Every structure is written in structure tokens, then in C-alpha cells.
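Analysis of the macromolecular model
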Amino acid sequence: MTTARSHEMNFLAPSVVRTIGTRSLVIGLIFAVLAIVGAFVRPGDFFHAYLLGFMDWLGVTLGALAFLMVRHVTGGTWGMVIQRIQIAAMRCLPLMMVLFIPILFGLPHLYIWARPLDTVADKHLREHLQEITQTYLNPHGFFIRAVIYFAIWAVLVFFLSKWSAEHDHPPMRDTSARTKQLSAPGLVIFALSIGFATIDWMMSITPGWISTMYPLIILIGELMSAMAFCIVIESILSRYEPMSTMLKPSFAHDHGKWTLAFVMVWAYFSFSQLLIMWAGNLPEEITYYYRRFNGGWGYVGLFLVVFQFAVPFCLLLSRPLKRDIRRLAFLAAWIMVMRWVDLYFMIEPNYSETFRLTWLDIVVAVAMGGLWLAFFCRNLASRPLLAAYDIHAQKVLEPVHGGH
Amino acid sequence: MTQLLEEVETGRKRAPVIEPGHSFSTVTAKISDVVLKRPLSIGWLAGVMFCFGFVNLLLLAVGYLFIKGTGIWGITIPIGWGFAIVNFVWWIGIGHAGTLISAILMLLRQTWRNSINRFAEAMTLFAVACAGLFPLIHTGRPWVAYWMFPYPNTMGVWPQFRSPLIWDVFAVSTYATTSLLFWFVGLIPDLATLRDRATNIWVKRAYGALAMGWRGSARHWSRYETAYLLLAGLATPLVLSVHTVVSFDFAVGIVPGWHTTIFPPYFVAGAIYSGFAMVLMLAIPIRSIYGLKDFITERHLENSAKVMLATGLIVGYGYAMEAFMGWYGGNRYDAFLLWNRLHGPYATWYYSLLICNIFIPQVLWIRKFRTQPVLLFLVSTVVLVGMWLERFIIVVVSLHRDFLNSSWGMYYPTKWDWFTYTGTLGLFLFCMFFFMRILPSISIFEMRTLLPESKVKAE
Amino acid sequence: MNEPAIYGLMAEFDSADEIVAAARRTHAAGYRKIDAYSPYPVEELWEAIGFHHNRVALVVLIGGIIGCMTGYGLQYWVANIAYPTNIGGRPFHSWPSFMIVTFELTILFSVLSAVFGMLALNGLPLPYHPVFNVERFSRVTEDKFFLVVFSSDEKYNETETRAFLQSLGPKSIEEVPS
């Protein structure tokens, strides 16, 4: 019976996906032109904004990969309905690789260790840099390590995507054992690689400052971005077939619960880092928060506390909201905006003691987002929205029974 | 086709959560008979007496401590936090698995937890009791420990809320209260079952009084379910916060080896790691001695082993990040700490820790080690030893050589340290022995809900 | 003694399916003062007897808010007004440090309200209850399901109600003495 149903249905993405893709491409290109102009007019601001935009959209890409692996390991029907969205998102990795290249040209604008060391005024920091640039923090190491990170992610994306595509054709199969065998060690390798990538790309902006929690804050933020993105996309698709059949309130409920969990863990990680550094009050650490509490940045921090944690947390406690995909999608879209604000709060105060928001911060993020979305829509449209010949996908097609 | 799907759903390769062929009556009988009908066995008595010996050792150690003071321990300056704090963290970590199983797995709708949550919660309670003892006696004057609570007093003094040690008082006491209530609420319907099945009038009255007149009314069940679900929802962040606060005891201080931001999640993962090891060490003998293999199946062992593997990897991630940052950050004290762990006087302890916590547990990637009870028991033992060593390394190695080398020192635990520690092990097992005999060690009413006939079919 | 000698009529069922169906029909027949008893929670059952909302969550919410305010208020008052102490130069109002105890007390108060609120709303502990007078009722904690129509119900009439319950196909019907 289920077989019959999967044959009857057409799981191709609705045409709206292509429309969104085209529009995103247009917007992305227009903003990209503006951004390129900005790159010549204000290269400093451009690269700061570029790193911000890159980390934001890389977060969605890698978050989707990590989240897919989590689902492969733990199982659960809630993941089937967004699996192809996750796969399309993680298949944007080639785009992110290309977009990484400009960062290599902006190293001196971004990282103090990439500049001539005589320009560093702080004696203590200069001594530290003299040592660390010999062995670790130098453009060559940075490049080689980036290649390794991208290679790891690319391998994971390649196999998970390929194996999923095999389910588009008969016969009906169960390959969960194979995906599990890759995903479990994959998650371990992923956690390490994203940890070191975060240290390279973001934490090394301030080389004397270290926090062992910092990579985890980025990691959980990426998972949150990916979940929020999937909710937004599934909500748009749910107006059309086949998503209107696939998406049950109970799945939306589960997605809402995941979002709630991520919001809470994000707050937990961020607050723990703050409290430990605030209470320790060591000069090499507290500078991070000293900058972010003063010069107008404190308001951004407060904004994050309220709108990245408090408001989403309270709203997500509501069961009706979690089961209503439309309302949930508004919240998810908001969370995606807040992800940008969070990264902005992590990156930009390193470059300016007082509050500073340039037009490039927004333009570059939108340009990258447009290109990314266009690429994503191409990926999404290239395959059915459900792996119809995956034995686990059948449950998605069962009629609604009450929920829980 | 449908058959294939069913095979996938029921887990072709995995054992079921409850062996087939049971009904409401047999589940009820099988679990409650352990308490009501099983005769006293020589083995049980011997076990209790053995543990009672250690309880007496604990009493002796604590009694002598009250007479002489903490000088009988190996603590000195600079190592003011010796065994007492190591054991405190170790015990409270073990307790965390109980709450995790009862609360978090419930929220995740992992019904396999239903057969292990009761004794895991009991384990939590006894572990927290053992844990709480240590900071109490470590204060030196436990009879005035209530000074740590905020209450109006003639001295006009109030607690200092910027100290993580005061946070600990609140966190641990909230945790103990919540664990006790959560456990008791879960027990109410089962106490009513025992009340109705007991034949001895005094036993009946005792269970009856504890069951508080529970009669299984649908209205009561409705409120009960809501309350239980909310308790699970509250206990989940609570259990994370408790070990987080324990980690703050260290991380808020600026001692190298303590002051690192990853400590909260890394402590929580370590707690769950050791807790699941203890759950397995208890579950494996219990299921074979009391004939509960139908309810605590291979599936439970395997799932617990997987949780252990995952949390162990998080702990490993913590070690890796800490070591890397020690080198990368360029702080000379952090770098020295790393060197001292690897080459200092406690290096053997550190390598043992790595072997026990990181290397040996990797065998859990192999399925056989997750399902074979004896092997799993051994791995769990190794993990518990490893997690104890971890706390020893954190407490002692960080303190014994800090900023100023004129004040370096060594820590040598005395026999009283060991008496107290082994005494709490005895106390813990002593309580577990009694629990097994006077309360149902598996939640009967939740097991009923796992049976296929419990579901109401759509009309 | 104004109370009637009979507390109600009790019908016994073998399965959750049967009692849920019976409870629905009883409720549909206009009986309102009814209760059903089961050995484990059956969500459909409390819905069937017309008990849709309980107030436990509300009690917990109120408890949590009180706990949160108590926690922060206590610390603020102690650290700023009652006993201000300079600890390592940190401000009296050390809000990051105060988060922990605030959180713990929020949880503590919520938990206490959940447990004691649930017990209070359920009217427990209750040492005596008429349903325990029926001997077979002891099986409710094992494998049997019971439906009771209280004699205080407006529609209650001993013979008619008994006949109605009989039509539901129970295993047995018994009077519950008061």
C-alpha cells in the first residue's frame, strides 16, 4: 500500500523553488556588485563584513551537515521530512569553498598575526605572536588547515548526499546501517574540524585571547541556523505538494522542540563563558567582554539576550506555536537574523571599540545570502523532496493519526 | 513490503524493550514479587552485612574526624581540596545519570528508559547523599553548616552570593529535593500496587500510608501526567545546572587547570559518562540475580553503552581542546600545567586517566562490547575508575604546583581518606540492597504502558 | 447523616478499549459526576469523562515566577542592602553571579509547586475513600478498569443507572457503599 502511494506521488520540488532561486540570484548579484564596489572603496570594512557574512552562511551549510549526521545516528521520523532540505543546504559547500578564497586575500585586514609584527604596539602580545606565528598562526598554516577542513567536510557531504540520491530509484532499501557507520565517526571528526576552523577563522582575530568554550558556541549556533533555515523552507514548501502531504503538525512540533533546545544550549554556553571570564577577571580574558560591555556594544549584547534567548525561549514553550508551521517559520526567520547579530557581536567589536555598523556588513551578508540561496534552490530542485525508496521515508507518507 | 517496514520499525537486529508474552498481570507480579514474595536469601544478607561493615568504617572515619578535625586527612597547603572534593564530584556525577534517564530520555520519548529509570533514580538519591556528605565534613565544622543558608540571624551575617561554593549549596540541595520528589512521585502508583497486593497487614499499612490513598482515578492520572512531564522538563535543565555549578567551583577560580571556559559542558558530559557506567554496573547484576532479563534487555545495555561512548567522546574533546589551548594561548602557567600533567610527579595518574577514559572505552564502537554483559561490566568499571582519576587530576595536580614554586607541594591521602571513600561506597551499596528489597526496582505502571494492549485503538 | 448510603455504582472492565468506549457513552448519556479508574494513565480516558484541562501547569508557572523573583530579590537585597561586602572589587550588584541561585530557586519552587500542587488538586493524601470498600477494586492497581457513576449525579437513579451500565457490557457491576 505504501509502495503504491510513493509511486503515485510526484516528489519533485514545486516551481516556486526555481522562482525563489532566480530572484535570490538577482538580488545576490546586485548586492555583490555593491559589495565589490565597497571592497575597493573601503577594503577594511569590506573584509570584516565578508568574514561575518561568510561565517553566517557557512553556519547554515555546516549546521545542515551536522544535523543530518545527528539524525542518522539517532533516528527519528521528524528528520525525514527535512532531509532533502538539509542535503540541499549542505551541498552548498562548493559555493562556500569558492567564497572562502577572498578571505585569503584579506588576511592582513582581518588578522593581526598576518600583519608585520613591528606594527603590534602591545609588547606582551608581540612576544606571544613572535612564537605562535612561527609554528601555527601564519598564512601558510592557515591555508593548509583550511584545505584540510574543507576536504573533511566535502567527503562527508559527498557520501551522505550520494547515498541519499540512491534512494530516488527502486528498489526500496534500508541503508541506515551504512549512513550510521559514517555519521557516528563523522560527527566526531566534524566537531574537531569545526572547532579548529573556528579557532583559525574567528578566535585568532584576538590571538592572546582564548576560550575553550568558544568553538562550541559557534557549533551550536550553526545547528540553530540550520534548524531555523529548514523550518523556514519547509513552511514555504508546505503550501505546495508534496510537502503539504509530508509535513505533519507533529514534525513541526519536533522541529520546534529542537529549536528550543538549541536556543537553551546557546544561552547556556554563552552565559557560562561570560560568567567564568567575568568572575576570573584576568586581564588577557576580560578584555573580550570589556569591549563588548562598553562603547555602545553593550546594547547589542542586551539585544541578543532578549531576542536570541528570552523571547524565542518563551514563545517556543508554547505547544500550539510549535505545531503551527507558519508561526514557527516567522520565529525561525527571526532566529536566522539573530544568528547574524550574534556573529556580528563576536566579530565586529574586535575591530572597533565603539559601536559600528557599516553598510557593508549588511550588503555583503545579503549578497552572499542571495548567491547561497540561489545555489540552494538549484540543489533542492535537482532532486525529489523525499527519498521515496528509503524504507524509513514511508512513515512520512502515513496519514495523520492524532499526533501526540 | 509492509513486513519489511515492520522489521525496520521493531528493530531487526535490536532486542525488544520488553520480551514478548507479558500481560498487565505478569508484569505486575514479576516486579512486585521481588519485594513481596521473594524469601530472604543468604546472598542478599551476606551482601548487606558486607556493606554494613563499610558503613561502620565510614562512621568510624567520620567520628574520628569530628574529634580530631580535618588534620587527619592528607590535605595540606597548597592542596586544600583533597579526597573530599574529588569524591564529592565523582559521586554527584554518578547521580546525574539517574536524572538523565528519568527526565531527558522521557522528554525524548525513549520508552526503553521505563525499565531502568526507577533504580537509576534510586541510585541518584544515594549517590547525591554520599556526595553531599563530603563538602559537609570538609567544612571542618559540619554542625554549623546551616550558616550557608540565608536566614535572619543574630550575627547579622548573610551568605556571599558571588561565591560558587554558595551556588553549590543551592544547586545540590535543590537537586537532592527534586530527585527525591521526582522519585517519590514516580513511586506513588506502584506503592498503591504493593498496598493492594501485600498480604501482611503491617506491610499493607506501611505501603498504604506511603501511597497516600492513590486510587488510579482518571482525573488524578491527568494531573499526575502533567506534573510528571513538567518535573521531567524542570529536572533536565536542573541536572545540567548542577554539574555546571560544580564545574564553576573550579572554573571561577583562576588556578591554571581550573579556569577554562569549556568546563561546564565537559563536566556535564563526564558526569553522564560515569553515571551510565554506574547504571550498567548495577543493572547487569540486578537483571540476572532477580530474573528481570525480560525487562532489562540487551537493548538497554546497548543503548546505555552508546550514551557512554558519546559522552566519553565529548570528554575527550574537552581534553583535546584544553591541551591545545594550553599550548596555543601562550599563557606560561597553562603551558606549565600541561607539561606537569605529562611529566610531573602525577604523570602516571594522568596516563592512567587517558587510558581508562579515552582509549579503553573506544572498544564500545564494536557491537559485541555493547551487548556482552561481562565485557560491558568491565568497561564500565574502567570508566568509573577513569572518571575518579579525572577529578583527582583536576583537583590535586592543578593545586600542587601553581604560580609560585616556593609553595609547591605533594598530596598524600591518609588511611582516613581511604576509609571515608570506601565507606561511602559501602553506604551506597547498602542503600541499594535495601531499596531492591523494599521498593519495586522497575516502574510497574510505566511497564504496563509498554504492553501492546495498553494502547486505546481508534474507534 | 445527610449523605446517601450508596456512594455510587461501579462497573468493571477488562481493557482500556472497553472502558474508554463505556466512559464516552456514559458521558454522552448525560452523566456528569462520574469517574474512571485505571492501572496506568490512559489519556483517552480522562478526555472521555469530560476532564479536558487541569491546572497543574498554571500552578507550576506561578511557583516558578515566585521562585525567580525570590531568588534574585534575595540576593539583591543581601548583597546591596543587608550585608554589602566588597569581594575582590566586584560590584555589589554582581548580576552574572546572581543568575545561578536565581535559576536554582526558580526550579526548586516550580518543582515544589508541581508535586504539592498535583497532590493538593488531587486531594491526596486521603486515607479513606468509599471506592476501596469494593473488594474487587484492589485489582485497579494491577490490570482492571473501573467506571463509577456517583449517586450525587443529577441523573442518578439506582435501577436506571444500573440498567444503563449493564448495557455497556461490563464484567460486573457493584454498589459502592458510602
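Fair warning: this is a prediction, and the values are worked out from it, not measured in the lab.

Our focus in this paragraph is the interface of chain A and chain B. Listed as interface residues are 49 residues of chain A and, on the opposing side, 36 residues of chain B. At the surface where chain A touches chain B, the tally comes to zero salt bridges. Across the chain A-chain B interface, the total number found is eight residue pairs in polar contact (both at pLDDT 80 or more). Within the residue set of the side of chain A that touches chain B, elements represented by two or more residues are α1 (2-8), α7 (123-135), α9 (176-201), α10 (214-237), α12 (249-280), α13 (283-293) and α18 (394-397) of chain A. In terms of residue count, the dominant contributor to the side of chain A that touches chain B is α12 of chain A (eleven residues). Among the residues forming the side of chain A that touches chain B, the class breakdown is 26 nonpolar, 15 polar and eight charged.

A separate point is the sheet that holds strand β3 (residues 145-150) of chain C. All names here are of chain C. With antiparallel pairing, four strands are arranged side by side in an open sheet as β2-β3-β1-β4. Either end of the sheet is taken by a strand with one partner, and the two such strands are β2 (34-37) and β4 (172-177). Recorded for the sheet is a direction-independent mean angle of 25° between the axes of neighbouring strands. With six bridges joining them, strand β1 (residues 6-13) and β3 adopt antiparallel strand pairing. In the strand pairing of β3, G8 is matched with F150.

With that out of the way, let us pick up the interface of chain B and chain C. At the junction of the two partners, chain B supplies 58 residues and chain C supplies 69 residues. Carbon and sulfur atoms make up 68% of the surface buried where chain B meets chain C, a total of about 5600 Å² over both sides. Together, R162, R215 and R223 of chain B form the three largest contributors to the area buried by chain B at its contact with chain C, with a combined 16%. Run the count over chain B and chain C and you get two salt bridges. R197 of chain B is the partner of E142 of chain C in a salt bridge, and the nearest nitrogen-oxygen pair spans 3.2 Å. Inspection of the chain B/chain C interface yields 23 residue pairs in polar contact (both at pLDDT 80 or more). Those elements giving two or more residues to the side of chain B that touches chain C turn out to be α2 (24-36), α6 (164-197), α8 (218-251) and α16 (444-448) of chain B. No other element matches α8 of chain B, which puts 18 residues into the side of chain B that touches chain C. In terms of residue class, the side of chain B that touches chain C is built from 28 nonpolar, 17 polar and 13 charged.

So, on to the pattern of salt bridges. Two side chains of opposite charge can pair, provided their charged atoms sit close to one another. Counted under the stated rule, the structure contains 25 salt bridges over all chains. One salt bridge in this structure joins K306 of chain B and E302 of chain B, with 4.0 Å as the shortest N-O distance. Of this pair, K306 of chain B and E302 of chain B both sit in helix α10 (residues 298-328), separated by four residues, roughly a single helical turn. You can call K306 of chain B partly exposed: its relative accessible area is 28%. Residue E302 of chain B is classed as buried on the basis of its relative accessible area of 5%. Its salt-bridge partner being D143 of chain C, residue R139 of chain C comes within 3.1 Å of it at the nearest N-O pair. A cluster of three or more residues bridged by salt bridges with shared partners is formed by R197 of chain B together with R139, E142 and D143 of chain C.

What follows covers the domain arrangement of chain C. Segmenting chain C into domains produces domain 1 (6-53 + 135-177) and domain 2 (56-121). Once you take the C-alpha centre of each, domain 1 of chain C and domain 2 of chain C turn out to be 44 Å apart.

Residue and element names in this part refer to chain B. Along the chain, the position of L292 falls in the loop between α9 (263-289) and α10. With relative accessibility at 1%, the residue L292 sits in the buried group. Linking L292 and S441, residues 149 residues apart in sequence, is a C-alpha distance of 9.9 Å. Setting aside chain neighbours within four positions, we find L292 in contact with I286, R287, S441 and I442.

Right, let's talk about a nonpolar patch on the surface for a bit. Where nonpolar side chains cluster on the molecular surface, the patch consists of Y146, W147, F149, M155 and V157 of chain B together with Y83 of chain C and spans about 580 Å² of accessible area. Mapped onto the fold, M155 of chain B is located in the loop between α5 (117-138) and α6. A relative accessible area of 46% means that M155 of chain B is categorised as partly exposed.

Let us now look at the packing of α12 of chain A against α13 of chain A. All names here are of chain A. Running from N to C, α12 and α13 cross one another at 110°; their axes reach a closest spacing of 9 Å. With respect to α13, the element α12 is oriented roughly perpendicular. Handedness of the α12/α13 crossing: left-handed. Judged by residue contacts, S270, Q273, L274, M277 and W278 of α12 engage E285, I286, Y288, Y289 and F293 from α13. Grouping the constituent residues of the contact of α12 with α13 by class yields seven nonpolar, two polar and one charged.

Here I77 of chain B and P78 of chain B are connected by a cis peptide whose omega angle stands at 15°. Relative to the helices and strands, P78 of chain B resides in the loop between α3 (42-68) and α4 (83-107). A cis amide bond links L124 of chain C with the next residue in sequence, P125 of chain C, at an omega value of -5°. Assignment of secondary structure puts P125 of chain C in the loop between α4 (95-122) and β3. The backbone phi angle of N281 of chain A is positive, close to 55°, even though this residue is not glycine. Within the secondary structure layout, N281 of chain A lies in the loop between α12 and α13. Assessed through its relative accessible area of 43%, N281 of chain A is described here as partly exposed.

Parameters at a glance
Residues numbered from 1 in each chain as written. Chains lettered and ligands numbered in written order. Predicted model: local features only at pLDDT ≥ 70, side-chain atom pairs only at ≥ 80, totals over all residues. Heavy atoms only, no water. Contact = heavy atoms within 4.5 Å. Salt bridge = Lys/Arg side-chain N within 4 Å of Asp/Glu carboxyl O. Polar contact = N/O pair within 3.5 Å; in protein donor to acceptor, adjacent residues only side chain to side chain. Helix = DSSP H or I, 4+ residues; strand = E, 2+ residues; numbered from the N terminus. Nonpolar A, V, L, I, M, F, W, Y, C, P; charged D, E, K, R; others polar. Pairing = 2+ DSSP bridges. Axes fitted to C-alpha atoms, helices over the stretch in contact; angles between N-to-C directions. Buried area = accessible area lost by both parts, 1.4 Å probe. Buried < 20%, exposed > 50% of the residue type's maximum accessible area, 1.4 Å probe, protein only. Domains from an automatic or database assignment. Patch = residues over 30% accessible without salt bridge, like charges linked within 9 Å, V, L, I, M, F, W, Y side chains within 5 Å. Areas by Shrake-Rupley, 256 points an atom, 1.4 Å probe, with all protein chains shown as cover. Parallel < 35°, antiparallel > 145°, perpendicular 65-115°, else oblique. Left-handed = near helix turned anticlockwise from the far one by under 90°.

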